[in-house]
Number of protein chains: 2
Amino acid sequence: MSLRHALLGLLAEEPASGYDLTRRFEELLGRVWPAKHPQIYQELGRLAGAGLIAVDSEGPRRRKVYRVTPEGLAEVRRWLADDDVDHTVRLEPLLRSFFLWLLPPEQARAHLLAEAAFFEEQARVLRAAAAAKDYDATPALQSVRVAIESGLRLYGALGGWAAWAATVPPAAKPVRDM
Amino acid sequence: MSLRHALLGLLAEEPASGYDLTRRFEELLGRVWPAKHPQIYQELGRLAGAGLIAVDSEGPRRRKVYRVTPEGLAEVRRWLADDDVDHTVRLEPLLRSFFLWLLPPEQARAHLLAEAAFFEEQARVLRAAAAAKDYDATPALQSVRVAIESGLRLYGALGGWAAWAATVPPAAKPVRDM
DNA sequence: GAGCGCATGTAAAGGGTTACATGATTCT
DNA sequence: AGAATCATGTAACCCTTTACATGCGCTC
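Below is a short write-up of the structure.

### Concerning the interface of chain A and chain B
Logical step 1: Each partner contributes residues to the interface: chain A has 76 residues there, and chain B has 76 residues.
Logical step 2: Buried surface at the junction of chain A and chain B, both sides included, amounts to about 7,600 Å², of which 71% is carbon and sulfur.
Logical step 3: The three residues of chain A that bury the most area against chain B are Leu-80, Arg-90 and Phe-98 of chain A, which together make up 10% of that side's buried surface.
Logical step 4: Between the two partners, chain A and chain B, sit zero salt bridges.
Logical step 5: Our count for the chain A to chain B interface comes out at 21 residue pairs in polar contact (both at pLDDT 80 or more).
Logical step 6: Contributions of two or more residues to the side of chain A that touches chain B are made by helix H1 (2-13), helix H2 (18-29), helix H4 (70-81), helix H5 (92-97), helix H6 (105-132) and helix H7 (139-167) of chain A.

Listed below in structure tokens is the structure:
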């Protein structure tokens, strides 16, 4: 049920088409909530059916620009204030880490170093994004800045963890070769 | 495709039934990769069909204990060594943070403080788990320790972030009431 | 007019949750 | 005898991805 609310949230900032929203997911929300165009178009249809959004204007190439309705705005706010949040951190690299003892130590170490490099690179990208513009111009931009900060800290923590994990010496009992 | 490999990884440690695996997901892997029993039983069926696991023994109440086959073990290792990792951090609280500007500042602040409390509590739980036993006894346990460390650092970072975010003053332009 | 990017959609398949259902064993 | 827990499974539904498909508008 998060996609629906994310769409409402994006439309609360400004009216947009399915195509616009798809790109915003790619560049802005994709790290924490990926969504491809078929799902977005489908969900826009449902939201329009439910009266939470409405067609604002139609442009060339069948382009339909949606805006959020007062009911839609109320619904995002309800969602945001709601306190039954799903705190699951679905993260494949961490799942893998539970099973790294199955690899020969060197291979596990190489894997962790590659992960560390990846996370540090992501942190660098976000640091650059944070410095790139003035996020105090609008409330929406300020929220983006706060969200970027979370990514920055998260990737920093993950990078540090992976680098540390790569240094942990293999346990006494070696993995038996298959 | 991660569930299948997680099951193989768990069975690589020791043979187990669907019921056992369901509980291990709940207590061990649930934070990063939730899985309910219907999915687990279904996937066990597929894995058995593919010859990656086999029935080790049958017990009372139709209990079937599976063990990983050499092919299955090779498959987890292939997965672990494979470097096309999905780095998506699917995390609802971060998605929400992009839209917090839609709430009145006090409400947003209260929400962030509740999140901070939650993450700090989780970090505390994991700190206790890390101190609870000797993780050097087996390679598998050592990997669990490393995985716990990632959670510790992650929740620490998220807790710090949420506490900081709660202190960010609202932007100049106030949110227009609907 | 050829090619590219814009823009929208449908269909099929896979992954995951919820609800329903059943029966065996153990404990009180 | 009744309740709780063990243990497995099916069916329906929702969420998400991948593949397929189409046509418009702009630029060279």
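Having seen it, we continue.
### Some words on the sheet that holds strand S3 (residues 64-68) of chain B
All names here are of chain B.
Logical step 1: One open sheet holds the three strands; their spatial order is S1-S3-S2, and the pairing between them is antiparallel. For this open sheet the edge positions go to strand S1 (16-17) and strand S2 (53-58), each flanked by a neighbour on one side alone.
Logical step 2: Bridge count between S1 and S3: two bridges; the pairing is antiparallel. Bridging from a neighbouring strand, Ala-16 pairs with Tyr-66 of S3.

### Structural notes on the side chain of Glu-115 of chain A
Logical step 1: Inspection of the secondary structure puts Glu-115 of chain A in helix H6.
Logical step 2: In this structure, Glu-115 of chain A is buried with no salt-bridge partner, the nearest side chain bearing the opposite charge being Arg-96 of chain A at 6.4 Å.
Logical step 3: When neighbours within four sequence positions are excluded, Glu-115 of chain A is seen to be in contact with Pro-93 and Ala-162 of chain A together with Val-85 and His-87 of chain B.

### A closer look at the protein's contact with DNA strand C
Logical step 1: Neighbouring DNA strand C are 20 residues; Tyr-19, His-37 and Tyr-41 of chain A together with Met-1 and Gln-39 of chain B lie closest to it.
Logical step 2: Those atoms of DNA strand C that come within 4 Å of the protein belong to sugar or phosphate at a rate of 67%.
Logical step 3: Here a phosphate oxygen of DNA strand C and a side-chain polar atom of Arg-90 of chain A are 3.4 Å apart.
Logical step 4: The side chain of Arg-61 of chain B places a nitrogen or oxygen atom 3.3 Å from a sugar or linking oxygen of DNA strand C.
Logical step 5: Those elements giving two or more residues to the surface near DNA strand C turn out to be H2 and helix H3 (37-49) of chain A together with helix H3 (37-49) of chain B.

Each value, and the rule that gives it
Residues numbered from 1 in each chain as written. Chains lettered and ligands numbered in written order. Predicted model: local features only at pLDDT ≥ 70, side-chain atom pairs only at ≥ 80, totals over all residues. Heavy atoms only, no water. Contact = heavy atoms within 4.5 Å. Buried area = accessible area lost by both parts, 1.4 Å probe. Salt bridge = Lys/Arg side-chain N within 4 Å of Asp/Glu carboxyl O. Polar contact = N/O pair within 3.5 Å; in protein donor to acceptor, adjacent residues only side chain to side chain. Helix = DSSP H or I, 4+ residues; strand = E, 2+ residues; numbered from the N terminus. Pairing = 2+ DSSP bridges. Buried < 20%, exposed > 50% of the residue type's maximum accessible area, 1.4 Å probe, protein only. Lys, Arg positive; Asp, Glu negative; His and termini not counted. Near = heavy atom within 4 Å.

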